Amino acid sequence: MTQRKLFAFDIDGTLLDSNKRPLPSTVAALTKLKNAGHYVTIATGRSRYLASEVIRELAFDNYILCNGSAAFVDHQQVYKRLLHKEQLHEFLKEAHAMQIDTSFVGLDHSKRSTSYNPAFMDEAMQSFGSTTPELDMEFLEKNDVYQTLAFYDATYEHYFDDKYSELDFVRWHPKCVDVIPTGGSKAATILHVAEGLGLSQQDVIAFGDGMNDREMLKEAGTGVAMGNASDEVRQYADRITDDNDSDGIWNALVALGFLTN
């Protein structure tokens with residue numbers, strides 16, 4: 001067998017087509033990679049409960065969640081990094097004064113803390129087939145929070161970036177950003193998992209299409225941007241494949257020599 005590699009796949013716009021389903025070619029590609037002895041993992045902004053259907057349907061044993069704030073290998077958690085509570089409270093006070101809605105993401109639950117603009121929240125959450133979380137203003141105090149969603153558009157782009165040393169703001173939708181621990185990313189956690197598996201940075205092949213995939217496309221040994229990725233995301237990749245409706249994952253793996261037609 002060729003040396004083992006770690007293949008990391010974003011979910012929305014990458015593993016799933018525009019109908020939110022995996023293509024048959026994608027299912028076949030994942031099976032062949034696993035049968036060849038490679039490691040495969042999801043690398044998503046979703047939490048575990050929002051990724052559970054994909055994990056189950058595509059038989060993933062490994063998954064990186066919440067934009068890298070949690071990682072599981074063989075279904076066992078190997079990495080955990082929660083949001084800095086003090087700075088999160090400071091950010092929430094400022095955001096809520098500006099009537100910016102927020103919601104909190106745990107591994108298996110998500111709850112919102114405000115209801116200023118439900119339409120903003122609905123549009124962002126429905127973009128990946130989810131729904132706006134239920135209201136629970138006590139969730140933050142009673143649960144581990146891996147990331148926070150802040151629902152604001154380009155009006156406040158970069159407004160918070162330099163205000164909170166322990167928080168990073170990563171846009172994934174025109175009306176929503178992920179609030180994650182500073183320096184946290186899919187990329188950093190993928191490399192942490194790879195090291196634990198005895199693999200190097202060059203052994204990592206990452207597939208993605210979104211703004212929160214930029215770091216992992218850049219830092220992977222090989223970064224593959226889907227054809228549906230924006231020009232801004234594409235510039236971080238080593239190669240561009242076909243889009244998520246046109247066998248992009250399969251075709252890239254054939255071009256890289258991991259699969260044959």
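Residues numbered from 1 in each chain as written. Predicted model: local features only at pLDDT ≥ 70, side-chain atom pairs only at ≥ 80, totals over all residues. Heavy atoms only, no water.

**Looking at the overall build of the protein**
Our working rule: Secondary structure elements follow DSSP: runs of H or I of four or more residues count as helices, runs of E of two or more count as strands, with numbering from the N terminus. For this measure, only C-alpha atoms enter the radius of gyration; the expected value for a globule follows 2.2 Å times N^0.38, where N is the number of residues. Buried residues are those whose accessible area, probed at 1.4 Å on protein chains only, stays under 20% of the maximum for their type, while exposed residues exceed 50% and partly exposed ones sit between those limits. Here a residue-residue contact requires only that any non-hydrogen atoms of the pair lie within 4.5 Å. Reported accessibility uses the Shrake-Rupley method at a 1.4 Å probe radius. Residues are deemed covered only where the shown protein chains occlude them. Charged-residue counts in this description rest on Lys and Arg as positive and Asp and Glu as negative, His and the chain ends being excluded. Think of each charge as sitting on NZ of Lys, CZ of Arg, CG of Asp or CD of Glu.
When its secondary structure is counted, the protein shows 10 helices and 14 strands. Here the C-alpha atoms of the protein give a radius of gyration of 18 Å, agreeing with the 18 Å that 2.2 N^0.38 yields for 261 residues. For the protein, the residues scored as buried account for 53% of the 261 residues in total. Nonlocal contacts in the protein, meaning residues at least 24 apart in sequence, comprise 57% of its contacts between residues at least 6 apart. Counting every atom, the protein has about 11,600 Å² of accessible surface; 46% of that belongs to carbon and sulfur. Here the protein carries 24 positive and 39 negative side-chain charges, and the mean point of each set is 3 Å from the other.

**Remarks on the sheet that holds strand 4 (residues 70–73)**
Put simply, the rule is: Think of it this way: DSSP has to see at least two bridges between two strands before they count as a pair.
Read across the sheet, eight strands follow the order 5-4-3-2-1-12-13-14 without closing on themselves; strand pairing throughout is mixed. Because the sheet does not close on itself, it has two edges, and the strands there are strand 5 (76–80) and strand 14 (239–240). Pairing of strand 13 (residues 222–225) with strand 14, which is carried by two bridges, proceeds in the parallel orientation. Bridge pairing in strand 14 links A225 to I240.

**A look at the packing of helix 2 (residues 24–35) against helix 10 (residues 248–255)**
The description of two packed helices rests on the angle between their axes and on the distance between the axes. The condition that has to hold: Between N-to-C directions, angles span 0 to 180 degrees; the directions come from axes that are lines fitted to C-alpha atoms, helices contributing only their stretch in contact. Any angle between 65 and 115 degrees counts as roughly perpendicular, while under 35 counts as roughly parallel, over 145 as roughly antiparallel, and the rest as oblique. Residue polarity is assigned by list, with Asp, Glu, Lys and Arg as charged and Ala, Val, Leu, Ile, Met, Phe, Trp, Tyr, Cys and Pro as nonpolar; anything else, Gly included, falls into the polar class.
The interhelical angle for the contact between helix 2 and helix 10, taken along N-to-C directions, is 40 degrees, at an axis separation of 7 Å. Relative to helix 10, the element helix 2 is oriented oblique. Facing helix 2, whose interface residues are S25, T26, A28, A29, K32 and L33, helix 10 presents I249, W250 and L253. Among the residues forming the contact of helix 2 with helix 10, the class breakdown is six nonpolar, two polar and one charged.

**Re helix 7 (residues 186–196)**
How we decide: Each direction from the helix axis to a C-beta atom contributes to the arc, which is the arc of those directions. The definition of a polar contact used here is a pair of N or O atoms within 3.5 Å, where within protein one atom must be able to donate a hydrogen and the other to accept one, and adjacent residues in sequence count solely through side-chain atom pairs.
Within the sequence span of helix 7, burial applies to K186, A187, T189, I190, V193 and A194. End-on view of helix 7: buried residues confined to an arc of 170 degrees, all on one side of the axis. Across helix 7 from its buried face, at more than 90 degrees, point the exposed residues E195 and G196. One side-chain oxygen of the residue at the start of helix 7 lies 3.3 Å from the amide nitrogen of A187, identifying that residue as S185.

**Digging into the environment of T44**
Take T44: it is sitting in the loop between strand 2 (39–43) and helix 3 (48–57). A residue is classified by how much of its surface remains accessible, and T44, at 1% relative accessible area, is buried. Every residue in contact with T44, bar those within four places of it in the chain, is listed here: D10, I11, A51, I64, L65, C66, N67, G68 and K186. Here R46 takes part through its backbone nitrogen, which lies 2.9 Å from a polar atom of the side chain of T44.

**Let's talk about the side chain of D17**
Selection rule: Each salt bridge in this description consists of a side-chain nitrogen of Lys or Arg and a carboxyl oxygen of Asp or Glu lying within 4 Å of one another.
Tracing the backbone through its elements, the reader meets D17 in the loop between helix 1 (11–15) and helix 2. No salt bridge is formed by the buried D17; its nearest oppositely charged neighbour, R21, is found at 6.7 Å. Only 2.8 Å separates the side chain of D17 from the backbone nitrogen of N19, close enough to count as a polar contact. D17 has contacts with L23, N244 and D245, leaving out every residue within four places of it along the chain.

**Focus on the sheet that holds strand 6 (residues 101–105)**
Spatially, six strands are ordered 8-7-6-9-11-10 in an open sheet, and the strand pairing comes out mixed. The sheet terminates laterally at strand 8 (134–135) and strand 10 (167–173), the two strands that pair on one side only. Sheet topology places strand 6 next to strand 9 (residues 147–151); five bridges connect them, and they run antiparallel. Bridge pairing in strand 9 places V105 opposite Q147.

**Digging into the nonpolar core**
In summary, soluble globular proteins display a tendency toward joint burial of nonpolar side chains. The line we're drawing: The criterion is simple. A nonpolar core is a set of buried Ala, Val, Leu, Ile, Met, Phe, Trp, Tyr and Cys residues joined through side-chain atoms within 4.5 Å.
Grouped together as the largest cluster of nonpolar side chains are 40 residues, with contacts concentrated most on F9, L15 and F207. Filtering out sequence-adjacent residues up to four positions away, L15 remains in contact with F9, D10, R21, P22, L23, T26, L30, I42, V54, L58, F60 and I249. Counting residues in hydrophobic clusters, the runner-up holds 18 residues, among them L83, F91, F104 and Y164.

**Structural notes on the layout of surface pockets**
The line we're drawing: Cavities and pockets were defined on a 1 Å grid built over protein atoms only: a cavity is a set of grid points that admits a 1.4 Å probe from which the probe cannot escape, a pocket is an open set flanked by protein on both sides within 12 Å along at least five of seven lines, and lining residues are those with an atom within 4 Å of any such point. Grid points are joined across faces, edges and corners, and a volume is the space filled by probe spheres set on the points.
Taken as a whole, the largest pocket spans an internal volume of roughly 510 Å³. Along its surface, the largest pocket is lined by 27 residues, and D12, S127, F128, W172 and N212 are the ones closest to its centre. Elements represented by at least two residues in the lining of the largest pocket include exactly helix 1, helix 3 and strand 9. Taken as a whole, the second largest pocket encloses approximately 260 Å³ of empty space. The wall of the second largest pocket is formed by 13 residues, among which H158, D161, F169, V170 and R214 lie closest to the centre.

Any functional reading would require information that these geometric values do not contain.
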